[in-house]
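# Structural features, examined
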Amino acid sequence: MLAYAARRLMLLPISLFLVALVTFVVLRLTGNPVDIFLDVTSTPEQVAALTEKLHLDEPIPIQFLIFLRDLAQGDFGVSLQFNEPALSTVFQRLGGTLQLAGTGLLIAIVVGVILGLVCAVWRDRFADLAISSVAVAGQSMPSFWLGILLIQLFALKLGWLPTSGAGGWRHMILPAVTLATFLLPNIILITRASVLEMSGEQFVIAARAKGLSRLRVLLTHVLPVSLNPLLSFLGIQIGTLMGGSIITETIFAWPGVGRLMLTSISNRDVPVVEAGVLVIAVGIVLTNLAVDLLQMLIDPRIRRH
Amino acid sequence: MADDIATSHPSRVVALAEAATDARALLSVRDLTVEFQTGQGRFEAVHRVGFDVAKGQVLGVVGESGSGKSVTALALMRLLPDHAARISGGRIVFDGSDIVPMREAEMCRIRGRRIGMIFQDPTTSLNPIFTIGHQLREGLRVHLGLGRAAANRRAEELLNLVRLPSARAALDKYPHELSGGMRQRVMIAMALACEPQLLIADEPTTALDVTTQAQILELLRDLQQQMGMAIMLITHDLGVVAEFADAVQVMYAGRIVERAPVSRLFANPAHPYTQGLLYSMPALEEEDPPVLPAIPGMVASPFAMPMGCPFHPRCALASDVCRAAVPPLNPIAHAHSAACWHVDAMMAA
Ligand SMILES: Nc1ncnc2c1ncn2[C@@H]1O[C@H](COP(=O)(O)OP(=O)(O)O)[C@@H](O)[C@H]1O
Ligand code: SF4
Ligand SMILES: [Mg+2]
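To keep things clear, this report deals only with the structure shown in the data block. (Residues numbered from 1 in each chain as written. Chains lettered and ligands numbered in written order. Predicted model: local features only at pLDDT ≥ 70, side-chain atom pairs only at ≥ 80, totals over all residues. Heavy atoms only, no water.)

## So, the overall build of chain A
Within chain A one finds 13 helices and 0 strands. Going from the N terminus to the C terminus, chain A shows its helices and strands as α-α-α-α-α-α-α-α-α-α-α-α-α. If you line up chain A on its principal axes, its C-alpha atoms span 85 × 55 × 30 Å. Here chain A, with 305 residues, has 44% of them falling under the buried criterion. Long-range pairs, those at least 24 residues apart, make up 73% of the contacts in chain A with a sequence separation of at least 6. A total of about 15,200 Å² of accessible surface is found on chain A, and carbon and sulfur atoms cover 70% of it. Positive and negative charge centroids in chain A, built from 20 and 18 side chains respectively, lie 20 Å apart. (Helix = DSSP H or I, 4+ residues; strand = E, 2+ residues; numbered from the N terminus. Buried < 20%, exposed > 50% of the residue type's maximum accessible area, 1.4 Å probe, protein only. Contact = heavy atoms within 4.5 Å. Areas by Shrake-Rupley, 256 points an atom, 1.4 Å probe, with all protein chains shown as cover. Lys, Arg positive; Asp, Glu negative; His and termini not counted. Charge placed at Lys NZ, Arg CZ, Asp CG, Glu CD.)

Okay, here's the thing in structure tokens:
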């Protein structure tokens, strides 16, 4: 299993190279950052200096090679907005995002799995019908809308929680709940389906024939084998989580990578966008690796040598 | 109800007397009826089945696929699928108490401890993500309260008991690392872990190759002699019954149609269905696995149960009375009963 992890990690640079290529192409071909960074009063000398600093006068392939060389050294250039190394700008916000995304994911998994189990156990009864139909509706409801409703209710009307910004745990609640709702409906429905499917397996009857109680079989036999489909889903949905992060951070003015990316894109802060995209790409690759390793840990049949 | 004909039959007294459970029997089942409620409708998969299993007795249960053998077994364990099936009538008296009305918590103390069960397909009967040792220890810890170390020692003993090669190493193996035969040995070890009084074996060898079948049966027979538990051996292999069982009952369309001691059933089958099974059965010495031979026609669909004797559409002897009324299971000789209107004619022939 460790060897497998190492092999997967060795593929990481290839993924990153491809991500870098795409980022580079998209960002260079959609406009000239110099025009946006410098205002109309700037002298041609200033333009020339910045152009040279960003290597924008070189042919595109050379620019890419320079970009790759700098990338290898972790040097994305200096943020045009903050005038500090782009990578450290991103890293400063990474903690906030990880905190928010981690909390949101945790809420989504814990609540989603519990509700999914409730649906499966009381299949076609009131609890299942109620939860499932809300979940199905929730799949098509835009979560940012829920975020705005939450702010209105708990922050503006009741005044219980702060509207925005970062601080103690109370600042975390609304954005984390909002972010959780991006994944929650699917987690509920996948858990429900997967638990129902596994409940029909012969080994469930066999476990009960040993004298294990229904609840014990559900929690120690059915649930563990039902986790792999859920993990696969989370691996695929990690992008949704990132997108959700950007929206949530923006609604709640949460100081994270998502909001930084959004402002950097509108300001054409190319170095920060590049650094941000690559950090997110590494995050996605590592998350998927973690998902694969967890699945192997759970199910010995997919362990390779 | 067509069964009421029974009251006009000469052996009425016997039929009524049978409805009382046998206090000496380990397991005494009376009038057991299991009803299914499915998307296509309601039907009885098992209809008023009654039988006894004495302590240490091996009872063979045979019948074509779909005749209600597994449903009977699951009913005895109270493990019928929750949504679809229920015991709609009858009593299952095990060691003096009726388990039909028992609460789930009480059933948990009986399952795996006093009644063990093994299943047809050892491939799907073990949880793929846990080691053999883990799955063996579970029952030991729940029923006997053994600590981890003690449970582990006992688990190894059990694997030795079922003659699993390198038992200690097998404890840490996952089900997919063992062959089908090995897995069935593990299932047997699990079922016998708490030395139950009754083992229900639902087609324990059907999914295995011929050589392995023979080994597993030999193992079961040895363990039965060693531990003395009663076995309800479900099979559609008459050869297995001939070699292993003390008594045998034949099921057809959710009913018991004939019951007799093994030697008697093979020598004097009374029911046309049993005769059909026996006459078309390959000789026991033959290499081929003696599976249930084909009898012309199909098993009656539970949704379109024929009027009268369920077997009449396939029976050469069927007469008007067969088409009108269900024959009751009546004694025809000592310890031998059959459910057929024309038994007397046939026994005479
Ligand atoms: N889970 C189920 N849902 C619906 N019908 C079932 C189910 N299990 C068994 N049956 C029906 O009950 C009848 C008896 O089946 P079973 O006891 O499995 O037969 P067998 O003698 O082959 O073990 C069959 O008609 C079968 O279709
Ligand atoms: S009762 Fe009639 S139809 Fe049924 S088995 Fe006997 S002879 Fe055949
Ligand atoms: Mg069966």
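## Quick notes on the pairing of strand S4 (residues 85-94) of chain B
Residues and elements named next belong to chain B. Relative to S4, strand S1 (residues 27-38) runs antiparallel, the two sharing 8 bridges. In the strand pairing of S4, Val29 is matched with Ile92. Pairing between S4 and strand S5 (residues 97-98): 2 bridges, direction antiparallel. Directly across from Phe94, in S5, lies its bridge partner Ser97. Hairpin connection, S4 to S5: the antiparallel pair is bridged by 2 residues, and Asp95 has positive phi, about 50°. (Pairing = 2+ DSSP bridges.)

## A few points about the interface of chain B and chain A
Contacts between the two partners involve 27 residues from chain B, matched on the other side by 22 residues from chain A. The contact between chain B and chain A buries some 2,300 Å² in all, and 60% of this surface belongs to carbon and sulfur atoms. Between chain B and chain A we count 4 salt bridges in total. Remark: the boundary between chain B and chain A carries 10 residue pairs in polar contact (both at pLDDT 80 or more). When residues of the side of chain B that touches chain A are assigned to their parent elements, the largest contribution, 4 residues, is made by helix H4 (residues 132-144) of chain B. (Buried area = accessible area lost by both parts, 1.4 Å probe. Salt bridge = Lys/Arg side-chain N within 4 Å of Asp/Glu carboxyl O. Polar contact = N/O pair within 3.5 Å; in protein donor to acceptor, adjacent residues only side chain to side chain.)

## With respect to the site of ligand 1
Residues and elements named next belong to chain B. Ligand 1 sits among 14 residues. The nearest are Gly66, Gly68, Lys69, Ser70 and Val71. A distance of 2.6 Å is found between an oxygen atom of ligand 1 and a backbone nitrogen or oxygen belonging to Gly66. Between ligand 1 and Gly68, the relevant distance is 3.1 Å, taken from an oxygen atom to a main-chain nitrogen or oxygen of the residue. Contact with the protein chains removes 67% of the 560 Å² of surface that ligand 1 exposes when unbound. It is helix H2 (residues 69-77) that contributes the most residues to the shell around ligand 1, 3 residues altogether. When its residues are assigned to classes, the shell around ligand 1 shows 6 nonpolar, 6 polar and 2 charged. (Near = heavy atom within 4 Å. Nonpolar A, V, L, I, M, F, W, Y, C, P; charged D, E, K, R; others polar.)

## What about the pattern of salt bridges?
Tallied over the full model, the rule gives 20 salt bridges over all chains. In this structure, the salt-bridge partner of Asp70(A) is Arg69(A), at a minimum N-O distance of 3.2 Å. Residue Asp70(A) is classed as buried on the basis of its relative accessible area, which comes to 14%. Linking Arg208(A) and Glu104(B) is a salt bridge whose minimum nitrogen-to-oxygen distance equals 2.7 Å. With Arg208(A) in helix H10 (residues 202-209) and Glu104(B) in helix H3 (residues 104-110), this residue pair bridges two chains. Among the residues examined, Arg208(A) registers a relative accessible area of 9% and is labelled buried. Classification of Glu104(B) by relative accessible area gives partly exposed; the value is 22%. By sharing partners, the salt bridges in this structure join Arg208(A), Arg214(A), Asp82(B), Glu104(B) and Arg111(B) into a single network.

## Some words on the sheet that holds strand S6 (residues 115-118) of chain B
Residues and elements named next belong to chain B. Across the sheet, which stays open at both edges, the 8 strands sit in the order S6-S7-S8-S3-S9-S10-S12-S11 with mixed pairing between neighbours. In this open sheet, the two edge strands, each paired with only one partner strand, are S6 and strand S11 (330-333). The average angle at which neighbouring strand axes cross in this sheet is 20°, direction not considered. In this structure, strand S9 (residues 247-252) lies alongside strand S10 (residues 255-261), joined through 6 bridges in antiparallel fashion. Pairing of Gln249 across the sheet is with Arg259, part of S10. Where H2 meets the sheet, it contacts strand S3 (58-62), S6, strand S7 (198-202), strand S8 (230-234) and S9, and its direction lies at approximately 145° from that of S6. Contacting S6 and S7, helix H7 (residues 180-192) crosses the sheet at an angle of about 170° to S6. (Axes fitted to C-alpha atoms, helices over the stretch in contact; angles between N-to-C directions.)

Coordinates in, geometry out; function isn't part of it.
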